[in-house]
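# Close look at the chain arrangement
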Amino acid sequence: MSLHRVLGTAGHIDHGKTTLVRALTGVDTDRLPEEKRRGITIELGYAYLPVSGEGGALEQVIGFIDVPGHEKFVPTMLAGATGIDFALLIVAADDGPMPQTREHLQILNLLGIRRGAVALTKADRASPERLADVSAQIHALLAGGCLAGAPIFPVSALTGAGVDALRSHLVEAARSLPARAAEGDFRLAVDRVFTLAGAGTIVAGTVHAGQVAVGDSLRLAPSGPAARVRSLHVQNRKADRGQAGQRCALNLAGLAVDDVRRGD
């Protein structure tokens, strides 16, 4: 059975979160026309990085949740960060730590996320002295918090410098993470709801506890209506069962798309 891990980005607007995720995975997580037009992330974005082991067999799938960095979208960032295994804090070398860098870090502290790394982006725009200065600022900012001592990787999504080293670190970190317990009642925190032609209502999110399988009956909280799982995807792949620590998309019978909201 392959491993499944969920990684979330964090950091100030325009520090290159989405661009870096694209460099790491090949997936552009900005899917809305307004995001393309304005050049900023507004909604949560999702990407998946399949990792092959010896012999070419699928070893693990790392899920990336890319969050918006603008101060108006902090609740959206919180919805994406809840339930992640690993945080990738992103700080631009030209700006250094900024207001949402600190605010997002506070959210990670409150969520108790203890594993992470820092990507020092736009490294091609900075001198070695500037990179050293910003790295020192980051170490000071992290001191005493949940990501104290996290490694810092200077990267440039434009030139590709440092991207392979960061990707390798994320893969090794994913391998070393402890497995989530799958016991207890199933609970998924909804961060996206949509419809597909011929399928109906789809809810997606990170599984916080328990297991779910095709055919299971679920209840939407807090409003209370019941639903049945028609089909499901785990880490963007069709599956029969999902469990705690994975991102799942559930095709539900018995619920209209307007019945469900983010946070249910």
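Please refer to the structure placed before this passage.
Since we're looking at a predicted model, the values are computed, not measured. Sequence order as written defines the numbering, with residues in each chain counted from 1. Under the rules for a predicted model, residues below a pLDDT of 70 receive no local features and side-chain atom pairs below 80 are neither given nor counted, while totals for whole chains, interfaces and linings still include all residues. Hydrogens and water are ignored here; the side-chain numbers use all heavy atoms of the structure.

### Focus on the packing of helix α3 (residues 74-81) against helix α4 (residues 99-111)
Any two packed helices are characterised by the angle at which their axes cross and by the distance between the axes. In this analysis, axes come from line fits to C-alpha atoms, helices being fitted only over the stretch in contact, and the angle between any two N-to-C directions falls in the range 0 to 180 degrees. Helix and strand definitions follow DSSP, with helices as H or I runs of at least four residues and strands as E runs of at least two, each counted in order from the N terminus. Viewed as axis vectors pointing N to C, α3 and α4 meet at an angle of 40°, and their least axial separation amounts to 11 Å. Here α4 runs oblique to α3, going by the angle between their axes. The handedness of the crossing between α3 and α4 is right-handed. Side by side, α3 and α4 meet where Val-74, Met-77, Leu-78 and Ala-81 of the first sit next to Glu-103, His-104, Ile-107, Leu-108 and Leu-111 of the second. Looking at the contact of α3 with α4, its residues break down into seven nonpolar, one polar and one charged. Roughly parallel means an angle under 35 degrees; roughly antiparallel, over 145; roughly perpendicular, 65 to 115; everything else is oblique. When the near helix sits turned anticlockwise from the far one by under a right angle, the crossing is termed left-handed; a clockwise turn instead gives a right-handed crossing. Residues count as neighbours in contact if any of their non-hydrogen atoms are within 4.5 Å of one another. The residue classification treats Ala, Val, Leu, Ile, Met, Phe, Trp, Tyr, Cys and Pro as nonpolar and Asp, Glu, Lys and Arg as charged. All others, Gly included, are polar.

### Some remarks on unusual backbone geometry
Across the junction of Ala-221 and Pro-222, the peptide omega takes the value 10°, indicating a cis bond. In this structure, Pro-222 sits in the loop between β10 (217-219) and β11 (226-234). At Asp-14, a position not held by glycine, the phi torsion is positive, near 65°. Tracing the chain through its elements places Asp-14 in the loop between β1 (3-10) and α1 (17-25). Phi at Lys-122 takes a positive value of approximately 55°, unusual for a residue other than glycine. By secondary structure assignment, the location of Lys-122 is in the loop between β5 (116-121) and α5 (128-142). We call a residue buried when its accessible area falls under 20% of the maximum for its residue type, exposed when it is over 50%, and partly exposed in between, using a 1.4 Å probe and counting protein chains only. Overall, Lys-122 belongs to the buried group, its relative accessible area being 17%.

### Observations concerning the pairing of strand β7 (residues 187-196)
At least two DSSP bridges between two strands are required for those strands to pair. As paired strands, β7 and strand β8 (residues 200-209) are joined by nine bridges and run antiparallel to one another. Following the sheet pairing, Arg-192 is matched in β8 by Ala-204. Two successive antiparallel strands, β7 and β8, enclose a turn made up of three residues, where Gly-198 displays a positive phi of approximately 80°.

### Things to note about the pairing of strand β3 (residues 58-66)
Counting buried residues along β3, seven of its nine residues qualify, which places the element largely inside the surrounding structure. Pairing of strand β2 (residues 45-52) with β3, which is carried by eight bridges, proceeds in the antiparallel orientation. Directly across from Tyr-46, in β3, lies its bridge partner Ile-65. Count of turn residues in the β2/β3 antiparallel hairpin: five residues, of which Gly-55 carries a positive phi of about 80°.

### Considerations on the environment of Asp-258
Mapped onto the elements of the fold, Asp-258 is located in the segment after β14 (247-253). The spatial distance from the C-alpha of Asp-258 to the C-alpha of Val-193 is 8.8 Å, given a sequence separation of 65 residues.

### Overview of the nonpolar core
Nonpolar cores are built from buried Ala, Val, Leu, Ile, Met, Phe, Trp, Tyr and Cys residues. Side-chain atoms within 4.5 Å join them into one set. Grouped together as the largest cluster of nonpolar side chains are 32 residues, with contacts concentrated most on Leu-108, Ile-138, Leu-142 and Leu-147. For this core, the secondary structure elements donating two or more residues are β1, β2, β3, α3, β4 (86-92), α4, β5 and α5. Considering each element in turn, this core owes the most residues, four residues, to α5. When neighbours within four sequence positions are excluded, Ile-138 is seen to be in contact with Val-91, Pro-97, Val-118, Leu-120 and Ile-152. Core analysis: the second largest hydrophobic core is formed by 22 residues, Val-21, Phe-64, Ala-119 and Val-155 among them.

### A closer look at α1
One full turn of an α-helix is made of 3.6 residues, so residues set three or four places apart face in the same direction. The complete set of buried residues in α1 reads Lys-17, Thr-18, Leu-20, Val-21, Leu-24 and Thr-25. One side of α1 holds all its buried residues, which, seen down the axis, span an arc of 160°. What the arc describes is the spread of directions from the helix axis to the C-beta atoms.

### Examining the side chain of Gln-235
Residue position: Gln-235 is located in the loop between β11 and β12 (237-239). The exposure class of Gln-235 is buried, given its relative accessible area of 1%. Within the local environment of Gln-235, its side chain forms a polar contact with the backbone oxygen of Arg-5, the two atoms lying 3.0 Å apart. If near-sequence neighbours (up to four positions away) are discounted, Gln-235 is found in contact with His-4, Arg-5, Val-6, Tyr-48, Val-61, Ile-62, Gly-63, Gln-246 and Arg-247. Pairs of N or O atoms within 3.5 Å make up the polar contacts considered here, provided that, within protein, one atom can donate a hydrogen while the other can accept it, and that residues adjacent in sequence are counted only when both atoms are side-chain atoms.

### Some details on the pattern of salt bridges
We define a salt bridge as a contact between a side-chain nitrogen of Lys or Arg and a carboxyl oxygen of Asp or Glu at a distance within 4 Å. Considering all chains together, one arrives at ten salt bridges under this definition. A salt bridge links Asp-133 to Arg-130; the shortest N-O distance between them is 3.6 Å. Placement of the pair is Asp-133 and Arg-130 together in helix α5, with a separation of three residues, close to one helical turn. Taking the relative accessible area as the measure of exposure, Arg-130 reaches 26% and is therefore partly exposed. In this structure, Asp-191 and Arg-247 form a salt bridge, with 2.9 Å as the shortest nitrogen-oxygen distance. Here Asp-191, found in strand β7, pairs with Arg-247, found in strand β14; they are 56 residues apart in sequence, far enough to count as distant. By the burial criterion, Asp-191 is buried, and Arg-247 matches it. Through salt bridges with shared partners, a single ionic network connects Arg-22, Asp-28 and Lys-36.

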